[in-house]
Number of protein chains: 2
Amino acid sequence: MNSKTPAQLIPHSPVPLYTQLKELLRAQILDGVFAPHTRMSSESELGEAYGVSRITVRQALGDLQKEGLIFKIHGKGTFVAKPKAVQNVSTLQGLSEAMSASGHEVLNRMLSQRFVPAGRLVAERLGVEESSTVCEIKRVRLINREPVSLEVTYLSQALGERLQKADLVTRDIFLILENDCGVPLGHADLAIDAILADAELAKALQVSVDAPIMRIERLTHAADGTPLDFEFLYYRGDAFQYRLRVDR
Amino acid sequence: MNSKTPAQLIPHSPVPLYTQLKELLRAQILDGVFAPHTRMSSESELGEAYGVSRITVRQALGDLQKEGLIFKIHGKGTFVAKPKAVQNVSTLQGLSEAMSASGHEVLNRMLSQRFVPAGRLVAERLGVEESSTVCEIKRVRLINREPVSLEVTYLSQALGERLQKADLVTRDIFLILENDCGVPLGHADLAIDAILADAELAKALQVSVDAPIMRIERLTHAADGTPLDFEFLYYRGDAFQYRLRVDR
């Protein structure tokens, strides 16, 4: 435990007690007072330590859970979540390329590789006729053996055929395109929002239905500007963070 | 309704019927077949039109709701959501600055402006002593009169005092810092993830508790590199999208 004097809540503050407790516990987690996967004190222990009701404790813990800082295991208690994996997206990199710099191991679980008729959105993005054949690849990406994202990739039929022999389990598609297919990459357009996990995502990412998901739509172009690779990336909100630097 | 031949679902496909229906309805919504705020056909009408059970329809609609494409009003039916507001974040801009270019009106609802002791994270980011006084500003940002984000801003005490007389209801803090305070902005570091709405966010953004939220932590520096403005931006997942372009 922390060797410092325990922080106190302020009883007659305009800031509600559960908010004070939440902020205090959040600071302790972010400061590393509780290590990842440590079990936290029980609701009644926390209530006693800070002189608040179990309802107040439960509300504070509930909010920290929504933020992804803690998780509950039924009948076992509340545990500190691991720090999120962080990818810097200021430059265009594949996940494995980006994460291996920080010593993380990325592996992929292949769900499917199929040739399908292009829907309207995919056709528009890739600049092909609607209903013409494109290659669809679904992979779950694992960082240090834990699922963090589901990637759904669309490529032209020709590129898809070249990728059929490639090692999609350990390699980024970006590096296969550049090194094996000899197509240098240019820029990518990204759109980022937040959604809730549906049944397919929940299963693929081992989260609950309705868990928070960061969704990225990414259209990557070849260096000559041709649209090349259109993807939907679904990241576990509790396990992943994008970082970038922007200039005024 | 669409004048084209209605699309058919494929009964003996490896793709489940609800997924086929979801993708078909999604394409129709994105193509503008259903205008924003239009009421969609009922579950039984859709079931009849596509020859599937109500359970299948419900599953497809449930997933589209998680994506934020439709919303339900109890007793009234299912409606098409408005397209998301989109901010390009390839360069650093305030929300009003960014959105007014696309003809959107941004207004802010002031929740509070207070001087508070800096918590550890805020102190570290702003480069001040922990517990020293900083200014905290909470605003709900409205695009076309609808709440899209809650902004929690931390500034030094000195800057906070200068902002007390500023018009925080119609103006971006970025423009006030540059034009009124004479502090040119430099770069910002952003971290992006997805969380669920807690009670405070739900109330501020008029969404349900546990609705999807895109969270941004943004530290903006002055042109000389000094950290200036540390913010938590909480965007409604169903109403907002960030876009950016990154280069290889």
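Residues numbered from 1 in each chain as written. Chains lettered and ligands numbered in written order. Predicted model: local features only at pLDDT ≥ 70, side-chain atom pairs only at ≥ 80, totals over all residues. Heavy atoms only, no water.

A. A look at the side chain of Arg141(A). Residues and elements named next belong to chain A. Relative to the elements of secondary structure, Arg141 occurs in strand S5 (residues 133–143). By relative accessible area, Arg141 is classed as buried at 2%. Of note is the side chain of Arg141, whose polar atom sits 2.7 Å from the side chain of Glu151. Excluding its chain neighbours within four sequence positions, the residues that come into contact with Arg141 are Leu95, Ser96, Val106, Leu107, Asn108, Glu146, Pro147, Val148, Ser149, Glu151, Arg171 and Asp172. (Helix = DSSP H or I, 4+ residues; strand = E, 2+ residues; numbered from the N terminus. Buried < 20%, exposed > 50% of the residue type's maximum accessible area, 1.4 Å probe, protein only. Polar contact = N/O pair within 3.5 Å; in protein donor to acceptor, adjacent residues only side chain to side chain. Contact = heavy atoms within 4.5 Å.)

B. Fine view of the sheet that holds strand S8 (residues 212–222) of chain A. Strands sit in the order S4(A)-S5(A)-S6(A)-S9(A)-S8(A)-S7(A)-S10(B)-S3(B) across an open sheet of 8 strands; the sheet is mixed. The open sheet has two free edges, formed respectively by strand S4 (106–117) of chain A together with strand S3 (85–88) of chain B, since each of these has just one partner strand. Within the sheet, the average angular offset between the axes of one strand and its neighbour, ignoring direction, is 20°. As paired strands, strand S6 (residues 146–156) of chain A and strand S9 (residues 227–236) of chain A are joined by 7 bridges and run antiparallel to one another. Within the sheet, the bridge partner assigned to Glu151(A) lies in S9(A) and is Leu233(A). Against the sheet, helix H7 (residues 173–180) of chain A touches S5, S6, strand S7 (185–196), S8 and S9 of chain A, its axis set at about 155° to S9(A). (Pairing = 2+ DSSP bridges. Axes fitted to C-alpha atoms, helices over the stretch in contact; angles between N-to-C directions.)

C. Here's a closer look at the packing of helix H2 (residues 43–50) of chain A against helix H3 (residues 54–66) of chain A. All names here are of chain A. Where H2 contacts H3, the two axes come as close as 9 Å, and the packing angle between them is 110°. By the angle between their directions, the pair H2 and H3 is classed as roughly perpendicular. Contacts between H2 and H3 involve Glu43, Ser44, Leu46 and Gly47 from the first element and Arg54, Val57, Arg58 and Leu61 from the second. (Parallel < 35°, antiparallel > 145°, perpendicular 65-115°, else oblique.)

D. Quick peek at the packing of aromatic side chains. Applying the stated criterion across every chain yields a total of 12 aromatic pairs over all chains. Relative to Tyr234(B), the ring of Phe232(B) lies with its centre 6.5 Å away and its plane at 20°, an arrangement referred to as stacked. Across the pair, exposure class does not vary: Phe232(B) and Tyr234(B) are buried alike. Here the aromatic rings of Tyr235(B) and Phe240(B) are separated by 4.2 Å at their centres, their planes lie at 15°, and the arrangement is stacked. No difference in accessibility class separates Tyr235(B) from Phe240(B), as the two residues are buried. Through successive ring pairs, a cluster of aromatic residues spans Phe230(A), Phe232(A) and Tyr234(A). (Phe/Tyr/Trp six-rings, centres within 6.5 Å; stacked < 30°, edge-to-face > 60°.)

E. Molecular detail of helix H3 (residues 54–66) of chain B. For H3(B), which comprises 13 residues, the first-to-last C-alpha distance of 18 Å matches the rise-based estimate of 18 Å (1.5 Å per residue) to within 8%. Buried residues of H3(B): Thr56(B), Val57(B), Ala60(B), Leu61(B), Gly62(B), Asp63(B), Leu64(B) and Lys66(B), and no others. Buried residues along H3(B) sit in contact with S7 and helix H8 (199–205) of chain A together with helix H1 (17–30), helix H2 (43–50), strand S1 (70–73) and strand S2 (77–80) of chain B. After H3(B) finishes, the residue Gly68(B) shows a positive phi value of roughly 85°. (Expected span 1.5 Å × (residues − 1).)

F. Region of the structure containing the state of the cysteines. On inspection of all chains with the given rule, the structure shows 0 disulfides over all chains. With no disulfide of its own, Cys181(A) lies closest to Cys135(A) among cysteine sulfurs, the gap being 11 Å. (Disulfide = S-S within 2.5 Å.)

G. Up close: the relation of the copies chain B and chain A. Note on the identical chains: chain B maps onto chain A by a rotation of 180° and an axial translation of 0.0 Å, with an RMSD of 0.0 Å. These values place the two chain copies in the arrangement generated by a two-fold rotation axis. A high fraction, 100%, of the interface residues of chain B reappear at the interface in chain A, so the copies pair face to face through one surface. (Least-squares fit on C-alpha atoms with pLDDT ≥ 70 in both.)

H. Structural view of the pattern of salt bridges. Counted under the stated rule, the structure contains 50 salt bridges over all chains. Asp172(B) is the salt-bridge partner of Arg141(B), the closest N and O atoms lying 2.8 Å from each other. Here Arg141(B) is found in strand S5 (residues 133–143), whereas its partner Asp172(B) is found in the loop between helix H6 (157–163) and helix H7 (173–180), with 31 residues between them in sequence. Taken together, the salt bridges that share partners define one network made up of Arg26(A), Glu67(A), Lys84(A), Asp193(B) and Arg215(B). (Salt bridge = Lys/Arg side-chain N within 4 Å of Asp/Glu carboxyl O.)

The analysis is restricted to geometry; functional conclusions fall outside its scope.
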